[in-house]
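# Coordinates in review
In case you want the letters, here they are:
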Amino acid sequence: MLRREPASTLVFRLISGFFALTGAIVCVFPFIVIISGSFTDNMTILHKGYSILPRDFSLEAYKTIFKAPQDILQAYLMTTYYTVVGTAIGLFTTTLCAYVISRNEFKYRNNVSFLIYFTSIFGGGIIPWYLMYASVLNLKGSTLAIWFPALTSPFLIILMRTFIKDAVPDAITESAKIDGAGHVTIFFKIVLPVLGPGLATVGLFLALGYWNDWYRSSMFSTSSKTWELQFYLYNLLNAQTAIKQMAQNSGLSHITELPTESVKMAMAVVATGPVLLFYPFVQRYFVSGITIGAVKG
Amino acid sequence: MKSIRKILSLLIAICMVLSLAACGGNKPTSQGNDTTTPGTNDTTTPDKPAIDTSKRVDLVFYVMGDPPKDEQAVEDALNKILLERVNATVDFQFSTWTDWAQKYSLELTAGTADLIYVANWNNYGTFANSGAFLPLDDLLPVYAPKLLEVVDEGLYNQCRVNGVLYAVPATWPEYTVSGVKYREDLREKYNLPVPNSIENFEKYLLGIKEHEPNQGLLTVTAAESSGLITAFDAFMIVNFKYPWVNINGLPYGLAANYDTPSEVYDYWYSEDFIEDCKLMKKWADLGFWSKSALSDPNNDTAFINGLCVAEIAGQNPNKHIAAVNDFEKNHPEWKSAYIAYGETNGVIYPAAATQNATAITAQCKNPERALMVLELLLADEEINRLVQCGIEGVHYEITPDGYYKNLSEDFMYENLNTWNLRNNDFKLPQLSDAILNDMFKRYEELGNKTKWPNINVYGNFTEDYSAYAVERGAVSDVMRQYLAPIQAGFVDDVEAAVADFLRRAEDAGLKACRDGFIEQYKAYCEEYGYK
C-alpha cells in the first residue's frame, strides 16, 4: 500500500526536478557541443556552425593532435607532476596548519586563525604577488613557481580545521597526551586516520585547482617545456587572436599554421578527459566532506 | 605553552632560512653575477671607454609571443659566440600571447629582463615617459659605436621621447599600409571595376551580389575599430576619400591632412561625416553585411574560407600575402589582390621606426654589456643571421639565388620573434617576399611623392591622456553604444542619430578630450617641425 504524499511535496519535487534538469542540461550541453565539434569536419563548422550531433563525421582533428603529440604530452606530463606534487605537499601543509590552530591548548590559535583569515579578505594584489616570486624569491622560470604559490589557501585551512575539530574531540587527544603521546604521535596516529573525507575534499580542491590552472604558467614559465596543459591550450587560442592583431602592427609575414575550430574542440576534450574519469571516484567524499564542513562549521 | 612557543619560533626560523635559501639558491642563474659587476665595471664614467668584460654576464632578452621549439639549440649556438666575443649570454624570454600586455608591464616593474622588445603598439612612449627604459644617448657611442653607423640618424630621432633616446630601432623599412583585400578572380570573372574608391567598391560588391546572391559579401564587426577613432569596421572605407595624416583620422572625431599635419580640423561635426554615415546606411540596407554585425564575433578566417569577398579593416600587405599563400594551397582557383587606401588618397608612408625596436630596462644591472650584445645581435652579420634564421644547414639554407629556405619546422623564419633585430643589409629574402617587395617598391615611389617623403608623420605621437582619462573612457563608451550603430547603418534617421550621439559625447566630456589631445598634438608637430 503506497502512502499518499501531500500535494505540496509533489509540487516541490516537480519544481526541484525541473531546476535540476535545467541545470544539468545547461552544464552538459556545451560539453556535448564540444565533443560533437571535435568530430566534425572543420569546413562544416565554419559554414554551418556547431551542432549537437556531428554533421560531417571526421577524425581529422584528433589525427592532427596526435600526429605530433610531443607538445601536448609534455604539457600533460607537467600538469600531472604539478598536480601530484602540489596536492601531496599542499595536503600535508594544510593539514598540519589546521591541526595546530584546532588545538585548544594553543593559546594564540584565534590570533593565528585571524591572520590566516585576514589574507583572504585583504590581499596584496597582483603586482606585489608577482614581484615576490619573480624578483624577491627569484623563482621565475622554475617549476617551483608553478606549484608553490597554490599549496594552500585560507579557505582550505579553515575547512580542514573544522574537520579536525569535528572528527577528533579534545577529550581524545587529551587522553592520548596523558598516555604519553606527543603531538607527532597524536597527529599521525589519532587525527590522520579519521580524517578521510576531509583529506579527500581538500585534496580534490587542490588537485582540481592544479589541474585547471593556467595563470601561473602564464606568469612564471620561461620555457614551453614547463607549461601547464591548460595554459598550453589557452595560449593556442590567444596566439591566434594576438597574431591577427600583431600582423597589422608588426608585419608578421610568416605565420605558423593555426589550429582550426575542430582541433580546438578536440584539444578541449583531450584536456578534460582525465578529470572526468577521476571525478566520480572522489565525488562521494567530496559531497559528504562539504556537508560536514557546512553543518558544523 | 612553552613547547608551543618553541615550536613557533622554530617554525619562523625555518621559514626565514628557507626563504633565504630559495633566494641564494637561485641567484647565480641570473642575478648572482649581475650584482657583482656594477662595482667593478664603472658605468658612471662612460667617457673612459676601458671596457672590462672579464666577468661573465647573463642577460635576459624579453620578447613578445611564443617560443619556437628549437629555442634552446639556437640560444646555445648564439651564446657560444657571445661568450667568446663579449663574455655574455642571452636568454630569450617570451611573453606568450596570453595576457601579454599585462605581463609586459609587470616585467618592466619587476625588472628581471635586461634587453626588451619595444614598439609603439606596446606603449613605448608611455613606458619611456614613466622611466622604464635607460637613456641611451651617452652609452651608445661608448659601448655600441657600430649601432650608430648601422642605424640611420633619422630612425633614431623617431625613437626619441622628449628628446631622449631610449631605443634602438630595426633598420628594415616596412610598409604596413592599410587597404582593401579583395577577390581578384571574382572581379575578373564578372568584369567589375577594381575597388579603388568608394564608388568602385560599391560597384564591385553589387556586381558580385547580382551574380552570386548566396555569396557572403563582407563580414565586418566592431573588432578592428579602436574605441576612440571609429566604432565600426566598415567605416574604414572612407579612407579612400581623405588624405588624412593617420589612418581613420585622429581620435575624438578630429582629423588633419597629411600635407598640413598641424592644422587639426573637425570631422564629426562636418557635413562630410553625415554624408559618410548615410553611405553606411545605404550599404547596410543593400545587405552588404549581416544584421547582427554589431554583436558578431570577429571572424578572421572569413576571407580565406570564402565567407566574404573583401576585407577593409585591419589589413596590410602581409595579410594579403598570407591570403595569397593560403589560396595557393587550398583554393588554387581563387586570387587575392590588395589595394592600399594610400594608392587612391596619395598618403603612403612606412611604419614608424618605433614599430620594432629594442630598449634596455631601467633596472638593468649591466647596461654596457647589454648594449654590446645588442650591437652584435643587430650589426654583426653572422650573429644576426643566427638569431633571425637559426642554424644554417639545420634550420635553413640559402638557395643558390640567395633566397631563404626553411629546413625545419622547429625553427622558422624570425621564430624568436625578434622583429626588432631586422637588419636591412642582412635580411634574407624569401621567395614569397617577391610580391611583397614589389608592393613595397610601389609604395616607396608613391611615398616619395608626398610632402614628407616616406615619413610616418603621426607615428611617433603618443597621447598622454592621464589628465582626462575619465572623460576619455566615457567618450569611448558613448562611441561604442551610439556611434557603432550609426556607422554600421542600423539607424533610421542618420542626422538625428548623429546629433544625438554628439550631444551624448559632449556630455561625456568630448571637449576636454579634444582640448587635451590638440594641445599635445600641436606641441608634437612643433617639436618635429611638421607644419
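Rules and cut-offs
- Residues numbered from 1 in each chain as written.
- Chains lettered and ligands numbered in written order.
- Predicted model: local features only at pLDDT ≥ 70, side-chain atom pairs only at ≥ 80, totals over all residues.
- Helix = DSSP H or I, 4+ residues; strand = E, 2+ residues; numbered from the N terminus.
- Buried ≥ 20, exposed ≤ 12 C-beta atoms within 10 Å, placed from the backbone.
- Contact = placed C-beta atoms within 7 Å.
- Core = buried A, V, L, I, M, F, W, Y, C linked by C-beta atoms within 7 Å.
- Axes fitted to C-alpha atoms, helices over the stretch in contact; angles between N-to-C directions.
- Parallel < 35°, antiparallel > 145°, perpendicular 65-115°, else oblique.
- Left-handed = near helix turned anticlockwise from the far one by under 90°.
- Nonpolar A, V, L, I, M, F, W, Y, C, P; charged D, E, K, R; others polar.
- Pairing = 2+ DSSP bridges.
- Domains from an automatic or database assignment.
- pLDDT = per-residue confidence, 0-100.

Right, let's get into the overall build of chain A. Along its length, chain A carries 14 helices and 0 strands. The secondary structure elements of chain A, listed N-terminal to C-terminal, are α-α-α-α-α-α-α-α-α-α-α-α-α-α. Looking at the 297 residues of chain A, the share that counts as buried comes to 31%.

Before going further, it helps to spend a moment on the overall build of chain B. If you tally the helices and strands in chain B, you get 19 helices and 14 strands. A burial count over chain B gives 46% of its 531 residues as buried. Excluding contacts between residues fewer than 6 apart, the proportion of contacts in chain B whose partners are at least 24 apart in sequence is 73%.

Next up on the list: the nonpolar core. Counting residues in each nonpolar core, the largest one holds 156 residues, and the members touching the most others are Ala234 and Val373 of chain B. The biggest single contributor to this core is helix α14 (residues 367-379) of chain B, with 9 residues. In this structure Val373 of chain B touches Leu59, Leu82, Val86, Ala88 and Val90 of chain B, once residues within four positions along its chain are discounted. Core analysis: the next-biggest nonpolar cluster, separate from the first, contains 47 residues, Phe163, Leu206, Val263 and Ala271 of chain A among them.

This brings us to the packing of helix α3 (residues 71-86) of chain B against α14 of chain B. All names here are of chain B. Between α3 and α14, the least distance of the axes is 11 Å, while the angle of their chain directions is 120°. By the angle between their axes, α3 is oblique relative to α14. Relative to α14, α3 is oriented so that their crossing is right-handed. The residues of α14 that touch α3, namely those facing Leu82, Arg85 and Val86, are Arg369, Met372, Val373 and Leu376. Residue composition of the contact of α3 with α14, grouped by class: 5 nonpolar, no polar and 2 charged.

We now examine the sheet that holds strand β3 (residues 115-118) of chain B. The strands that make up a sheet pair up through hydrogen bonds in the backbone, lying either parallel or antiparallel. Residue and element names in this part refer to chain B. If you trace the 5 strands from one edge of the open sheet to the other, you get β2-β1-β3-β12-β6, paired in mixed fashion. Among the strands making up the open sheet, the edge pair consists of β2 (88-94) and β6 (167-169). Sheet twist, expressed as the average angle between the axes of neighbouring strands with direction ignored, equals 25°. Looking at chain direction, β3 and strand β12 (residues 357-360) are connected through 4 bridges and run antiparallel. What sits directly across from Leu115, in β12, is Ile360.

Our focus in this paragraph is the domain arrangement of chain A. All names here are of chain A. The domains assigned to chain A are domain 1 (7-58) and domain 2 (69-296). Of the residues lining the interface, 9 residues belong to domain 1; the matching set on domain 2 comes to 7 residues. Looking at the side of domain 1 that touches domain 2, the elements with two or more residues in it are α1 (7-38) and α2 (42-48). Looking at the side of domain 1 that touches domain 2, the element that brings in the most residues is α1, giving 4 residues.

Further remarks concern unusual backbone geometry. You will see that Asn138 of chain A, though not glycine, has its phi angle at about 60°, which is positive. Here Asn138 of chain A is to be found in the loop between α6 (126-136) and α7 (144-147). Here Asp99 of chain B, not a glycine, exhibits a phi torsion of approximately 50°, which is positive. Structurally, Asp99 of chain B can be placed in the loop between β2 and α4 (100-110). Looking at Asp99 of chain B, the number of C-beta atoms within 10 Å reads 17, which means it is partly exposed.

Take the domain arrangement of chain B next. All names here are of chain B. When cut into domains, chain B gives domain 1 (52-174 + 352-452) and domain 2 (176-347 + 463-531). For domain 1 versus domain 2, the distance between C-alpha centres works out to 32 Å. Counting residues at the interface gives 10 residues for domain 1 and 14 residues for domain 2. For the side of domain 1 that touches domain 2, the leading source of residues is helix α16 (residues 433-448), giving 5 residues. Across the side of domain 1 that touches domain 2, the residue classes break down as 5 nonpolar, 3 polar and 2 charged.

Further remarks concern the sheet that holds strand β11 (residues 336-340) of chain B. Residue and element names in this part refer to chain B. As summarised here, the arrangement of the 3 strands in space is β10-β7-β11, forming an open sheet in which the pairing is antiparallel. Because the sheet does not close on itself, it has two edges, and the strands there are β10 (310-311) and β11. Sheet topology note: the strand β7 (residues 179-183)/β11 ladder contains 5 bridges and is antiparallel. Across the sheet, residue Arg183 finds its bridge partner in β11, namely Ser336.

What follows is about the packing of α6 of chain A against α4 of chain B. Remark: α6 of chain A packs on α4 of chain B, axes separated minimally by 10 Å, with the N-to-C direction vectors making an angle of 60°. Relative to α4 of chain B, the element α6 of chain A is oriented oblique. Viewed along their axes, α6 of chain A and α4 of chain B form a crossing whose handedness is right-handed. Between α6 of chain A and α4 of chain B, the residues in contact are Ile127, Tyr130, Leu131, Ala134 and Ser135 of chain A and Leu106, Thr109 and Ala110 of chain B, respectively. Residues belonging to the contact of α6 of chain A with α4 of chain B are distributed by class as follows: 6 nonpolar, 2 polar and no charged.

The subject of this paragraph is the pairing of β2 of chain B. Residue and element names in this part refer to chain B. For β2, a buried count of 6 out of 7 residues is recorded, marking the element as mostly surrounded by other parts of the structure. Relative to β2, strand β1 (residues 57-63) runs parallel, the two sharing 7 bridges. Across the sheet, Val63 pairs through a bridge with Phe94, a residue of β2.

This paragraph deals with the confidence of the model for chain A. Put simply, chain A has an average pLDDT of 81, and 88% of its residues get 70 or more. Below a pLDDT of 50 lies the segment residues 248-256 of chain A, which in the model reaches 26 contacts outside its immediate sequence neighbourhood of four places, other chains included.

All names here are of chain B. The two faces of β3 match: Leu115 and Tyr117 on one face and Ile116 and Val118 on the other face are all buried. Here β1 runs beside β3; their pairing, made up of 2 bridges, is parallel. Paired with Phe61 across the bridge in β3 is Leu115.

Glancing now at the confidence of the model for chain B. Residues and elements named next belong to chain B. Predicted confidence across chain B gives a mean pLDDT of 84, with 90% of residues reaching 70 or more. This model gives residues 17-48 a pLDDT under 50, and the stretch forms 36 contacts once residues within four places in sequence are excluded. Predicted as a complex, the structure gets a pTM of 0.71 and an ipTM equal to 0.72.

Let us look at the environment of Asp464 of chain B. Residues and elements named next belong to chain B. Checked against the element boundaries, Asp464 lands in the loop between α16 and α17 (469-487). By C-beta crowding, Asp464 is classed as partly exposed, having 14 other C-beta atoms within 10 Å. The sequence separation of Asp464 and Tyr404 amounts to 60 residues, and the corresponding C-alpha distance is 42 Å.

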